[in-house]
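Results of the structural survey
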Amino acid sequence: MAGRGDDEHDPVLDDKRESEAKSSERDMAPSAPPGTSIHRSGSRPQLDLSKAEIQGNFEERDPTILLPNQSDDISHLALDIGGSLIKLLYFSRHEDYSNDGDKRKKTIKERLGLSNGNLRNYPVLGGRLHFVKFETHKINECLDFIHSKQLHRRDPYPWSSKTLPLGTGVIKVTGGGAYKFADLFKERLGVSIEKEDEMHCLVSGANFLLKAIRHEAYTHMEAEKEFVQIDPNELYPYLLVNVGSGVSIIKVDGEGKFERVSGTNVGGGTYWGLGRLLTKCKSFDELLELSQKGDNSTIDMLVGDIYGGMDYSKIGLSASTIASSFGKAISENKELDDYRPEDISLSLLRMISYNIGQISYLNALRFGLKRIFFGGFFIRGHAYTMDTISFAVHFWSKGEMQAMFLRHEGFLGAMGAFMSYEKHGLDDLMSHQLVERFPMGAPYTGGNIHGPPLGDLNEKISWMEKFVRRGTEITAPVPMTPSKTTGLGGFDVPSSRGSALRSDASALNVGVLHLVPTLEVFPLLADPKMYEPNTIDLSDQGEREYWLKVLSEHLPDLVDTAVASEGGTEDAKRRGDAFARAFSAHLARLMEEPAAYGKLGLANLLELREECLREFHFVDAYRSIKQRENEASLAVLPDLLEELDSMSEEARLLTLIEGVLAANIFDWGSRACVDLYHKGTIIEIYRMSRNKMQRPWRVDDFDAFKERMLGSGGKQLQRHKRALLFVDNSGADVILGMLPLAREFLRRGTEVVLVANSLPALNDVTAMELPDIVAGAAKHCDILRRAAEMGGLLVDAMVDPGDGSKKDSTSAPLMVVENGCGSPCIDLRQVSSELAAAAKDADLVVLEGMGRALHTNFNAQFKCESLKLAMVKNQRLAEKLINGNIYDSVCRYEAPFLSQM
């Protein structure tokens, strides 16, 4: 989705910027002398030069200047102007700003071998790709949008911050409107249009999206969507069928290698033209609406009509197969007015769709292709159209070929026009560097426009208050709104069926693509192609309904906590209420259309919640709770360490694992655990949990792990070189559970890297918070203190990594790295470059907590040893995953997996 706000506000409230932001827009406004009024919406964007610095090599001829406080640095845009819709794509640049002067970060970079060097002569920058649609007959709204965000005044290269003089700008445009509206663009915006070839843009856009977006393609059979993973190395050749007014069939052999091999003049224009003549419909969408109520058997001649209601099984034709479109009109003594418009519309739709499917199949057969992608105005997310085309391809190919459709199919041309900019900076982007997010304020869904784009925070809040009812029940559709708009610009309830979502509405939402070049695939995955992070399959209706209900029931407590974290102000209450309405609407949308946001797992659902919180400026809802639990846990840590040191090696190892499992009970994302918090203090609950640790656990590989750590029969195994410990919750979980375990590895000479969230999520600890926690623990432990000094965590007592004078033979560093995400779960296909670098020398991965070890990665296989530790705090998950009960424990140790690749 994309949105529109004031000139200086991006449609997505940037998650990195929010850590600096306060509770209202007033805090983001520049200061002014007393009595001076600042009207932001009418002003041109101003560059914020505070803390500006040159990034990279100072000796470069044209170095990149980093503006860390520039909130909305917008670069170039491209358009595809068709007869009905304008598709606009623009890029807003954003650099993740980190203080490289931070000694801890410098130490980490030195130890991990990370460099700021850039070998390209133009950079791949972080930023966002926004997708916006306007109806062509409302082109002035599109021009207003471009002008309001000053998109036409930007240098045509995304890494430039130059503002161009009026009359010198150039915009890349494809489609017929590039010719029709060239003068209007010059008159209104003072820019020239550079016309790009439609077919080249179409193919270029499809190539990029299919390679860059993991689940861009999907099949659609019998109203069921299934997302397809396309291997970028096996994409070519394929057939691209663009169904507009006519049909173009293009064979694509590679980048810039394509040929129009066939086509037909019977396409969307035929359907619309004949439909208009025969039904008197006034619009294409009205004609499609009619088809949903139609019965084509009243006008089409079916096989059963010829064979007395029987199938023609000898050649595989069922009685309901169409033998002749409009065939019954020949033999019946009826006039046009005697046939229902609904039946005519459906008969037309099936006739044209079947023929497009068959012609496409024949061309695929001609060139030996198995994969056919369909797009264009005629498709526009219409479920019955896709079903009919899919059936035809499946029928004629006897199931050997698949018809596939694209989530961004309406934007192929605009994407291609964008790619036509020289050095657009997207060449090297891979799917793991693109994160799709779904903010409020989508102006379209499934090819249709739905109300105004939303972007500005106050605008979003007002829209939530005006149109969207707050509630935690998600079984009902989103409430109706005034004619031709929807409360969320995309959560649509069609007027033709009152409050029920129409059965054929395949309205897939399109989000904002966040380009994060620093994300990498976790190098220790045994087989990244086969890796699936989500353990729970939300395509299962029962699972989906259960987890949507869990999130809905947790919503009131989350809102209360979020509002309290902001001091309970009126502004915080208003934002909290808007968040509740917005997230409820997301859940309702997913209940109605499970595939609305692409392939969705539980990890994606939990991340959607966190993104929605950030969108309404709730940066860290559990901040005060985490601080309180950290202080309480640090107070009792010395006694725990003293107890551990008094034990034998074997007893200590068992106690450490028990401690991790026991401490993992502190999870504010679990309803059962939240209820426990009302019954005792953090230390009382921890002790109770430890006392209940009775072996064997539900999944119990401790003996195998103990043998690997301590050896057996007098045989000692080589110690681990580096252990990556993925930590979970703040408080007792990390301080009384994972830190003592890290200490055990350190005392054995194993380097330890604590891996934590880049952004807050529930009560999970973040990489930014960990150094203070470690510093507090190091006051009571020489092992932790020496390791923290070596790892750059104690900046006041920094040890030079190359200085061996302050470390003994068993000393090893303790380091902290960000994981690259802000969710209770983790997708190891998208991790930070810091974590990827740290993983290269690691030979043990420890995943702790329900989100990272159970909800995701329970079945993940690694090239190195792995240990998954968690307490199950949900009864349904316990039954489903380990055939157990709530509060059962998992200790899963696995040897390196040898890939068959």
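Nothing here was measured: the structure is a model prediction, and the numbers come from that model.

A few words on helix α11 (residues 383-396). The end-to-end C-alpha separation of α11 is 20 Å, in line with the 20 Å expected for 14 residues at 1.5 Å each. Those residues of α11 that sit buried are Ala 383, Thr 385, Met 386, Asp 387, Thr 388, Ile 389, Ser 390, Ala 392 and Val 393. Phi turns positive one or two residues past the end of α11, at Lys 398, with a value near 55 degrees.

Another point: the nonpolar core. Ranked by internal contacts, the top residues of the largest apolar core, which has 80 residues, are Phe 522, Phe 616, Leu 724 and Phe 726. Considering each element in turn, this core owes the most residues, nine residues, to helix α15 (residues 570-592). In contact with Phe 522, not counting residues within four places along its chain, are Leu 724, Phe 726, Leu 828, Val 831, Leu 835, Ala 839, Val 845 and Phe 862. Membership of the second largest hydrophobic core comes to 59 residues, among which are Leu 641, Phe 702, Ile 773 and Leu 869.

With that settled, consider a nonpolar patch on the surface. There is a patch of nonpolar side chains on the surface, built from Ile 306, Tyr 307 and Met 310 and spanning about 320 Å² of accessible area. Tracing the chain through its elements places Met 310 in the loop between α8 (303-306) and β14 (322-324). Since its relative accessible area comes to 56%, Met 310 is described here as exposed.

What follows deals with the pairing of strand β11 (residues 247-254). The buried count for β11 comes to seven of eight residues, which makes it a mostly enclosed element. Where strand β10 (residues 238-243) and β11 come together, six bridges link them in antiparallel fashion. The partner of Asn 242 across the bridge, within β11, is Ser 248. Between β10 and β11, which pair antiparallel one after the other, the connecting turn spans three residues. One ladder, built from seven bridges, connects β11 with strand β12 (residues 257-264); its direction is antiparallel. Across the sheet, the residue bridging to Ser 248 is Gly 263, located in β12. Count of turn residues in the β11/β12 antiparallel hairpin: two residues, of which Gly 256 carries a positive phi of about 75 degrees.

Aromatic rings in a pair are described by how distant their centres are and how their planes are angled relative to each other. Counted under the stated rule, the structure contains 21 aromatic pairs. Here Tyr 218 and Phe 227 contribute two aromatic rings whose centre-to-centre distance is 5.7 Å and whose plane-to-plane angle is 50 degrees, an arrangement assigned as tilted. Residue Tyr 218 is classed as buried on the basis of its relative accessible area of 3%. Seen in terms of ring centroids, Tyr 218 and Phe 405 are 6.1 Å apart; in terms of plane orientation they differ by 40 degrees. Their pairing is tilted. Placement of Tyr 218 in strand β8 (residues 217-221) and of Phe 405 in strand β16 (residues 402-406) is noted, with a sequence separation of 187 residues between them. Through successive ring pairs, a cluster of aromatic residues spans Tyr 218, Phe 227, Phe 374 and Phe 405.

Attention now goes to the sheet that holds strand β15 (residues 371-375). Pairing between the strands of a sheet comes from backbone hydrogen bonds, and it takes one of two forms, parallel or antiparallel. Reading across the sheet, the seven strands line up as β9-β8-β16-β15-β10-β11-β12 and stay open at both edges, with mixed pairing between neighbours. Pairing within the sheet leaves two strands with one partner each, and these edge strands are β9 (224-228) and β12. Averaged over all pairs of adjacent strands, the angle between their axes in this sheet comes to 30 degrees, without regard to strand direction. Relative to β15, β10 runs parallel, the two sharing four bridges. Paired with Asn 242 across the strands is Gly 375, a residue of β15. Where helix α5 (residues 198-212) meets the sheet, it contacts β8, β10, β11, β12, β15 and β16, and its direction lies at approximately 125 degrees from that of β10. With respect to the sheet, α11 is in contact with β8, β15 and β16, its orientation differing from that of β8 by roughly 85 degrees.

Parts of the prediction with low pLDDT should not have their coordinates interpreted in detail. Summarising the model, the chain shows a mean pLDDT of 78, and 75% of its residues fall at 70 or more. This stretch, residues 116-125, has a pLDDT under 50; its non-local contacts, to residues over four places away or in other chains, come to 24 contacts.

Contact geometry for helix α10 (residues 341-367) and α11: axes closest at 8 Å, N-to-C directions at 40 degrees. By the angle between their directions, the pair α10 and α11 is classed as oblique. Our pair here, α10 against α11, has a crossing hand that is right-handed. Between α10, through Leu 346, Leu 349, Arg 350, Ser 353, Tyr 354, Ile 356, Gly 357, Gln 358 and Tyr 361, and α11, the contact on the second element is made entirely by Tyr 384, Thr 385, Thr 388, Ile 389, Phe 391, Ala 392, Val 393 and Trp 396. Taken together, the residues of the contact of α10 with α11 sort by class into eleven nonpolar, five polar and one charged.

Here seven strands make up an open sheet; going across it, the order is β22-β29-β28-β27-β23-β24-β25 and the pairing mixed. Each edge of the sheet is formed by a strand with only one pairing partner; in this case those strands are β22 (699-700) and β25 (814-818). Pairing analysis gives six bridges linking strand β28 (residues 865-871) to strand β29 (residues 889-894), with the strands arranged antiparallel. Across the sheet, residue Lys 868 finds its bridge partner in β29, namely Arg 892. Packing against the sheet, helix α18 (residues 649-663) makes contact with β27 (844-848), β28 and β29, and its axis sits at approximately 50 degrees to β28.

Rules used in this analysis
- Position labels on residues start from 1 in each chain and follow its written sequence.
- Local features are withheld for residues below a pLDDT of 70 in this predicted model, meaning they are given only at 70 or higher, and side-chain atom pairs are given and counted only at 80 or more; totals for whole chains, interfaces and linings count all residues.
- Calculation of side-chain values draws on the structure's entire complement of heavy atoms; hydrogens and water are dropped beforehand.
- Each helix is a run of H or I in the DSSP string that is no shorter than four residues. Each strand is a run of E no shorter than two, and both are numbered from the N terminus.
- For a helix, the expected span equals 1.5 Å multiplied by the residue count minus one.
- Think of it in three bands: with a 1.4 Å probe and only protein chains considered, a residue is buried below 20% of the maximum accessible area for its type, exposed above 50%, and partly exposed in between.
- To define a nonpolar core, start from buried Ala, Val, Leu, Ile, Met, Phe, Trp, Tyr and Cys residues and group those joined through side-chain atoms within 4.5 Å.
- The contact definition used throughout considers only heavy atoms, calling two residues in contact when any of these lie within 4.5 Å.
- Residues enter patches when their relative accessible area tops 30% and they take part in no salt bridge; the joining distance is 9 Å for like charges and 5 Å for the nonpolar side chains Val, Leu, Ile, Met, Phe, Trp and Tyr.
- Reported accessibility uses the Shrake-Rupley method at a 1.4 Å probe radius. Residues are deemed covered only where the shown protein chains occlude them.
- Whenever a carboxyl oxygen of Asp or Glu lies within 4 Å of a side-chain nitrogen of Lys or Arg, that contact is scored as a salt bridge.
- Should DSSP find at least two bridges between two strands, the strands are regarded as paired.
- Only centres within 6.5 Å qualify two rings of Phe, Tyr or Trp (six-membered ring in Trp) as a pair; their planes then separate them into stacked at under 30 degrees, edge-to-face at over 60, and tilted for everything else.
- A fitted line through C-alpha atoms represents every axis, and for helices the fit uses only the stretch in contact; the resulting angles, taken between N-to-C directions, go from 0 to 180 degrees.
- For every residue, the predictor states its confidence as a pLDDT score lying anywhere from 0 to 100.
- Comment on the angle field: the value is read as roughly parallel under 35 degrees, roughly antiparallel over 145, roughly perpendicular from 65 to 115, and oblique elsewhere.
- The handedness criterion is simple: a crossing whose near helix is rotated anticlockwise from the far helix by less than a right angle is left-handed, and one whose near helix is rotated clockwise is right-handed.
- All residues other than Ala, Val, Leu, Ile, Met, Phe, Trp, Tyr, Cys, Pro, Asp, Glu, Lys and Arg, Gly among them, are scored as polar; the first ten of these are nonpolar and the last four charged.

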